Amino acid sequence: MELKVIGQSADNTAEGGCSASGCGGSSDQLSHLPDHIRDKVHNHPCYSEEAHHHFARMHVAVAPACNIQCHYCNRKYDCANESRPGVVSELLTPDQAVKKVMAVAANIPQMTVLGIAGPGDPLANPERTFDTFRQLTEKAPDIKLCVSTNGLSLPDQVDELCKHNIDHVTITINCVDPDVGAKIYPWIFWNNRRIKGRKGAKILIEQQQKGLKMLTDRGILVKVNSVMIPGVNDQHLEEVSKVVKEKGAFLHNVMPLIAEAEHGTFYGVMGQRGPTHDELQNLQDKCAGDMNMMRHCRQCRADAVGMLGEDRGDEFTMDKVEVMDVDYEQAMKKRADYQAEIEAKLEAQKSSANETFIPLTALTKQKKETRPVLMAVATSGGGVINQHFGHAKEFLIYEASMTDVRFIGHRKVDLYCSGGDTCGDAETTLQKTIRLLEGCEAVLCSKIGYEPWEVLEESGIQPNGEHAMEPIEDAVAKVYAEMAESAQLEQQRQADQLQAGA
């Protein structure tokens, strides 16, 4: 029998938001939505956790200026080795951006979404941003258009956004309290003046909330990004989640602070730490009771290209794009056929899953209560386990229990082995990977070598290569059922209780 697990849908919660066990834009979460909303979300890799396994996005860096300063931000140019917001290798003109989008869309048929997210603020660069959107609306009508903004100029630009059929907008909202905001934003540029401290933060918050309500009143889907900064706003973000939900936001993305000293940000230089994996997950779970949560965000560069978790930007630098011969009309037909195949496959999988969904408790003789287990998964996309352990740049983290399998996040790692001279440092990199997988009790991959297998086992992480090319949730559920059947989970629970008593 094909194993499926029963999840908890979004409408199981009292307020209709996402439950702690069913977050992230999954098919369960989206099933209760009106058809016109599902149509906007189903193939958007940022708005649907399921879609990010199958569809791609790209960002074009046409907006260099910013009208606020954030303590966690340092916009960097010509930087190919950092993966975080605000970083780009090439600043493009609108004409270059359009040419690049059409080249990428012709070569990556999974691409469904074009976003402008920087490296500054798109709405602080309205001419460049809307020129790009105007051209793409005409030349690439099959691509969804998105914009990300800090919200300061948003109320003044809502009418223009609506003209271009932009139905996905992301606003970064880190607080709704000016006292908290003063610790995050040293200044804003407002009405031709630089306004500092609490006064500037208050104006920013008012503009963000006003713009959010204006967008949702017009039926535009809004995703709110919040950067979790321990000791600054971590205790405040639950309130942020409640406020933005009340104003109609569709999705809340609580992201970890990235603050390394080498990035040159104020927080990085001052030693402000980012949250641990557990701290981030706990806060996301707390917010999930009031808001649909996004857990699959990769905090992409402002020039990212490809599936979430990968970046194919090097394949589409402007010098390469300029010599590409693109027949976009023909490419658009091929893209439509390719994406229709993906959607038919997903629909077939969904129908099959609905027919065979049964609780794990019915498939195991282990009747005692068992604890949840975290598992790491190596995948290169497609929603299946299809990546060698040593080739993984990141692992998706799932939590399995007797009644549910839920996606809870991802963890980026260095390549264990990328071939050539780098393999001499494999042991150091492997140890780093194991540290990043702390808390996971199994790692599922398509294949794994003897050396990492042994080191993982010694570290208390069970490697598993038996479920290659299987759907991720099915494989995680099977492994959990096997662990429960062999009483491993109960034994560990008893050991934990004995250790706690000692």
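In the block above lies the structure referred to throughout.
It should be emphasised that the depicted structure is a prediction, and the values quoted were computed from it without experimental measurement.

1. Some remarks on the packing of helix H5 (residues 154-163) against helix H7 (residues 197-217)
Next up, step 1: It is at 8 Å that the axes of H5 and H7 come closest, and there the two elements cross at 20 degrees. Compared by their axis directions, H5 and H7 come out roughly parallel. The chirality of how H5 crosses H7 is right-handed. In this structure, H5 contributes Leu154, Pro155, Val158 and Leu161 to the contact, and H7 contributes Gln207, Lys210, Gly211, Leu212, Met214 and Leu215.

2. What about the pattern of salt bridges?
Any two side chains of opposite charge can pair, so long as their charged atoms come close to each other.
Next up, step 1: If you walk through the whole model with that rule in mind, you get 13 salt bridges.
Next up, step 2: Where Lys99 meets Glu322, a salt bridge forms, and the shortest distance between an N and an O atom there is 2.8 Å. Here Lys99 is found in helix H3 (residues 94-107), whereas its partner Glu322 is found in the loop between helix H11 (318-321) and helix H12 (328-356), with 223 residues between them in sequence.
Next up, step 3: Using a relative accessible area of 37% as the deciding quantity, one classes Lys99 as partly exposed.
Next up, step 4: Arg273 is paired through a salt bridge with Glu279; the nearest N and O atoms lie 2.9 Å apart.
Next up, step 5: Judged by its relative accessible area of 27%, Glu279 is partly exposed.

3. What about the nonpolar core?
Next up, step 1: If you look at the biggest cluster of nonpolar residues, it comprises 52 residues, and the most contacted ones within it are Val60, Met111, Leu114 and Leu215.
Next up, step 2: Looking at this core, the element that brings in the most residues is H3, giving 7 residues.
Next up, step 3: In this view, Leu114 contacts Met58, Val60, Val101, Phe133, Leu136, Ile143, Lys144, Leu145 and Cys146; residues no more than four positions away in its chain are not counted.
Next up, step 4: Counting 21 residues, the second-largest nonpolar core is a separate cluster that includes Ala400, Val405, Phe407 and Ala442.

4. Things to note about the packing of aromatic side chains
Next up, step 1: Within this structure, the stated rule accounts for 4 aromatic pairs.
Next up, step 2: Taking 6.3 Å as the distance between ring centres and 55 degrees as the angle between the ring planes, the aromatic pair formed by Phe130 and Phe133 counts as tilted. Residue Phe130 and its partner Phe133 are both found in helix H4 (residues 126-139); the two are separated by 3 residues, about one turn of the helix. You'll find Phe130 and Phe133 in the same group, each marked buried.
Next up, step 3: With a centroid separation of 5.3 Å and 65 degrees between ring planes, the pair formed by Tyr398 and Phe407 is classed as edge-to-face. Comparing Tyr398 with Phe407, the two get one shared label, buried.
Next up, step 4: Seen from the ring of Trp187, Arg194 lies directly overhead, with NZ or CZ sitting 4.0 Å from the centre.

5. Re the sheet that holds strand S11 (residues 373-377)
Strand-to-strand pairing in sheets goes through backbone hydrogen bonds, with the strands running parallel or antiparallel.
Next up, step 1: Strand order in the open sheet formed by 5 strands is S13-S12-S11-S14-S15, with mixed pairing between adjacent strands. Of all strands in the sheet, those with a lone pairing partner are strand S13 (405-412) and strand S15 (462-464), marking the two edges. Shown here is a sheet whose adjacent strand axes are inclined to one another by a mean of 25 degrees, direction ignored.
Next up, step 2: As defined by bridge partners, S11 adjoins strand S14 (residues 440-444) across 4 bridges and the pair is classed as parallel.

Reading the values: rules and limits
- Residues numbered from 1 in each chain as written.
- Predicted model: local features only at pLDDT ≥ 70, side-chain atom pairs only at ≥ 80, totals over all residues.
- Heavy atoms only, no water.
- Axes fitted to C-alpha atoms, helices over the stretch in contact; angles between N-to-C directions.
- Helix = DSSP H or I, 4+ residues; strand = E, 2+ residues; numbered from the N terminus.
- Parallel < 35°, antiparallel > 145°, perpendicular 65-115°, else oblique.
- Left-handed = near helix turned anticlockwise from the far one by under 90°.
- Contact = heavy atoms within 4.5 Å.
- Salt bridge = Lys/Arg side-chain N within 4 Å of Asp/Glu carboxyl O.
- Buried < 20%, exposed > 50% of the residue type's maximum accessible area, 1.4 Å probe, protein only.
- Core = buried A, V, L, I, M, F, W, Y, C linked by side-chain atoms within 4.5 Å.
- Phe/Tyr/Trp six-rings, centres within 6.5 Å; stacked < 30°, edge-to-face > 60°.
- Lys NZ or Arg CZ within 6 Å of the ring centre and 35° of its normal.
- Pairing = 2+ DSSP bridges.

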